[in-house]
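# Summary of structural features
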Amino acid sequence: MALDGLSERLQDAFAKLKGKGKLSEQDIKDVLREVRMALLEADVNYKVVKTFVANIKDRAMGADVMESLTPGQQVVKIVHDELTQLMGGEVQKLTVNSKPPTIVMMVGLQGSGKTTSTGKLGRYLKDRMHKRPLLVACDVYRPAAVQQLQVLGEKLEIPVYQEGTDVSPVDIAKNAVAHAKAHGNDFVVLDTAGRLHIDEVLMNELVNIKDAVAPDEILLVVDAMTGQDAVNVAEHFNDNLDITGVVLTKLDGDTRGGAALSVKSVTGKPIKFTGMGEKIDALEPFHPDRMASRILGMGDILSLIEKAEQEFDQKQAAELQDKLKTASFTLEDYLAQMDQMQNMGDIESMISMIPGISKKMLKNVKLDAKDMGHTRAIILSMTPEERTNPKIINGNRRKRIAAGCGLRVQDVNRLLKQFEQSQTFMKQFSQMSGGKGGKKARMPFFGLK
């Protein structure tokens, strides 16, 4: 997550308050000084930081904190509340026109990820909102922009409307809306042109498109890695177009990420979506309270559950539940679960959503996609009988499996040991769920050493 550096700094600052039965005014001032520096280093807008810290100070100096039995926790709660409000308070959903189609205009600078975000939004509308979107290629200037959107549309099985590069973007937009009405598309997503810098020509064209089709949403796509520049861009676009919301891309990059904390305060417009990865489904509604929790090391278990519900096959889950009850979990199941975990995206990002797991804790944990690839190769080198009943895998079979996948016998042994531990976990889990008690066990995580 882009805000990992800020998260670590804030958690270190608040750790100094833990265990203190009483806080002095100086304790609070010291912590707020560290909070201020952490926010500024994360490239959060100076005026935003000043107001934010002042709000926390006013509340932290109150009787609720100073007389509390757990003052440190009270301060963290105040910071969580203020962070949530700073980023918009509540999740802001897409506007849906009661008379379809709903028109969404995607705008932004060249290189911000606008076309990719258009495709991601299309998938979100199709898979999560069960809509019939039409993607529209209005960028007639950037080489291969039309083709890029067409490739995305084919991959997602979403129709793309285009008229080449010799037609006015305003006419393309108007014709696309008419096409959507005629073909039953309830959402129209316009991928408009960008520039490397904001200029009058770009803005005039975007204003003309806006006037021609009266979009329900104007979403500005900005690159979180550009830090404070992203906020400046948002301010300019908002002044010219009166945007309705922001899509913040590359929030998973190695960057200061202050844009996430500044953009709502500076523009008054909410972050509606965030891009958290390269995968085409890596677009999520922005939840200010959940982001605040992640920044403060409280995890984001709700997002993790939602992601699991979207990616995990319900039928497979039911079958797995039956196997848990009978402790008949096989290597085939092991492989299937690993595949579904990979479908959920970046493992390190998922683990960071678990409350209590900090970036520091993950530094000593090896999260290697290559290890997961080795696990897959070993299992696929086995016969169906071996996967179902690994107890028959003797020394000769282990050598054959290792040779078949190009790995060492030690690697095969390690996997079989992990699987044996997993089966033990399943049996104990089955006993606990059956009310018979049993010891707690830890299930080895795929690809984790």
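Model, not experiment: these values are computed from the prediction.

A separate point is the overall build of the protein chain. A tally of helices and strands in the protein chain yields 21 helices and eight strands. Within the protein chain, the fraction of its 449 residues that count as buried is 49%. Sequence separation of at least 24 residues holds for 74% of the intrachain contacts in the protein chain that already meet a minimum separation of 6. Summed over its atoms, the accessible surface of the protein chain is roughly 21,900 Å², and 50% of this surface lies on carbon and sulfur atoms.

Tracing the backbone through its elements, the reader meets T267 in helix α11 (residues 259–267). Engagement of the side chain of T267 in a polar contact is seen with the backbone oxygen of V263, the distance being 2.7 Å. Excluding residues that lie within four positions of it along the chain, T267 makes contacts with A234, E235 and N238.

Quick look at the packing of helix α10 (residues 228–241) against α11 now. One way to put it is that α10 packs onto α11 with a least axis distance of 9 Å and a crossing angle of 25 degrees. Taken together, the axis directions place α10 and α11 in an arrangement best described as roughly parallel. The crossing of α10 and α11 is right-handed. Each of Q228, A230, V231, A234, E235 and N238 in α10 lies in contact with α11, whose residues at this interface are A259, S262, V263, V266 and T267.

Moving on to the sheet that holds strand β6 (residues 245–249). Spatially, eight strands are ordered β3-β2-β4-β1-β5-β6-β7-β8 in an open sheet, and the strand pairing comes out mixed. Edge positions in the sheet fall to β3 (160–161) and β8 (283–285), since each has one partner strand and no second. Alignment of strand β2 (residues 133–137) against β3, held across two bridges, turns out to be parallel. When the bridges of β3 are listed, L135 appears paired with V160. Contacts between helix α8 (residues 169–183) and the sheet are confined to β1 (102–107), β2, β3 and β4 (187–191), with β2 contributing the most and set at about 160 degrees to the helix. Of the strands in this sheet, β1 and β5 (217–223) are in contact with α10, which crosses β5 at around 160 degrees.

On to the packing of helix α3 (residues 46–60) against helix α5 (residues 71–86). Between α3 and α5, the least distance of the axes is 10 Å, while the angle of their chain directions is 145 degrees. The handedness of the crossing between α3 and α5 is right-handed. When α3 is examined against α5, the residues V48, F52, N55, I56, R59 and A60 are found in contact with a partner set consisting of I78, V79, D81, E82, L83 and L86. When the residues that make up the contact of α3 with α5 are grouped by side-chain class, the tally is eight nonpolar, one polar and three charged.

Further remarks concern the nonpolar core. If you look at soluble globular proteins, the nonpolar side chains tend to sit buried side by side. Among the nonpolar cores identified, the biggest contains 72 residues, and F14, F52, L83, V136, L190, F237 and L261 are the most heavily contacted of them. Residues M106, L135, L219 and L283 belong to the second largest nonpolar core, which totals 19 residues.

The next thing to look at is unusual backbone geometry. The step from P100 to P101 runs through a cis peptide bond, and the omega angle for that step is 5 degrees. Note that P101 resides in the loop between α5 and β1. Not every positive phi belongs to a glycine, and A144 is a case in point at roughly 70 degrees. Its place among the elements puts A144 in the loop between β2 and α7 (145–156). A positive phi angle, near 55 degrees, is found at D242, a position not held by glycine. Structurally, D242 can be placed in the loop between α10 and β6.

Glancing now at the pattern of salt bridges. Summed over all chains, the structure comprises 17 salt bridges. Measuring nitrogen to oxygen at the nearest pair gives 3.7 Å for the salt bridge that ties D139 to R142. A single network of salt bridges, built from pairs that share partners, joins R59, K77, D81 and E82.

If you walk through the whole model with that rule in mind, you get one aromatic pair. For the ring pair Y124 and F273, a centre distance of 5.1 Å and an interplane angle of 75 degrees mean the geometry is edge-to-face. With Y124 in helix α6 (residues 114–128) and F273 in strand β7 (residues 271–275), this residue pair connects regions lying 149 residues apart in the sequence. With respect to class, Y124 is no different from F273; both count as buried.

Taking 1.5 Å per residue as the helical rise, α5 with its 16 residues ought to reach 22 Å, and the 22 Å between its terminal C-alpha atoms agrees with that figure. Directly beyond the C-terminal end of α5, a positive phi value near 125 degrees is found at G88.

Next up on the list: α8. Helix length check: α8, at 15 residues, gives a terminal C-alpha distance of 21 Å against a target of 21 Å (1.5 Å per residue), a fit within 8%. Listed in full, the buried residues belonging to α8 are P169, V170, I172, A173, A176, V177 and A180. All buried residues of α8 lie within an arc of 160 degrees about the axis, which places them on one face of the element. Across α8 from its buried face, at more than 90 degrees, point the exposed residues K181 and A182. Residues of α8 that are buried in the fold lie against β1, β2, β3, β4 and α9 (200–213). The first or second residue beyond α8 is G184, which carries a positive phi of 75 degrees.

Right, let's get into a nonpolar patch on the surface. Judged by side-chain polarity, M37, L40 and Y46 come together as a nonpolar surface patch covering roughly 300 Å² of accessible area. Checked against the element boundaries, L40 lands in helix α2 (residues 25–41). Judged by relative accessible area, L40 falls into the partly exposed class, the value being 32%.

Definitions and cut-offs
Residues numbered from 1 in each chain as written. Predicted model: local features only at pLDDT ≥ 70, side-chain atom pairs only at ≥ 80, totals over all residues. Heavy atoms only, no water. Helix = DSSP H or I, 4+ residues; strand = E, 2+ residues; numbered from the N terminus. Buried < 20%, exposed > 50% of the residue type's maximum accessible area, 1.4 Å probe, protein only. Contact = heavy atoms within 4.5 Å. Areas by Shrake-Rupley, 256 points an atom, 1.4 Å probe, with all protein chains shown as cover. Polar contact = N/O pair within 3.5 Å; in protein donor to acceptor, adjacent residues only side chain to side chain. Axes fitted to C-alpha atoms, helices over the stretch in contact; angles between N-to-C directions. Parallel < 35°, antiparallel > 145°, perpendicular 65-115°, else oblique. Left-handed = near helix turned anticlockwise from the far one by under 90°. Pairing = 2+ DSSP bridges. Nonpolar A, V, L, I, M, F, W, Y, C, P; charged D, E, K, R; others polar. Core = buried A, V, L, I, M, F, W, Y, C linked by side-chain atoms within 4.5 Å. Salt bridge = Lys/Arg side-chain N within 4 Å of Asp/Glu carboxyl O. Phe/Tyr/Trp six-rings, centres within 6.5 Å; stacked < 30°, edge-to-face > 60°. Expected span 1.5 Å × (residues − 1). Arc of directions from axis to C-beta. Patch = residues over 30% accessible without salt bridge, like charges linked within 9 Å, V, L, I, M, F, W, Y side chains within 5 Å.

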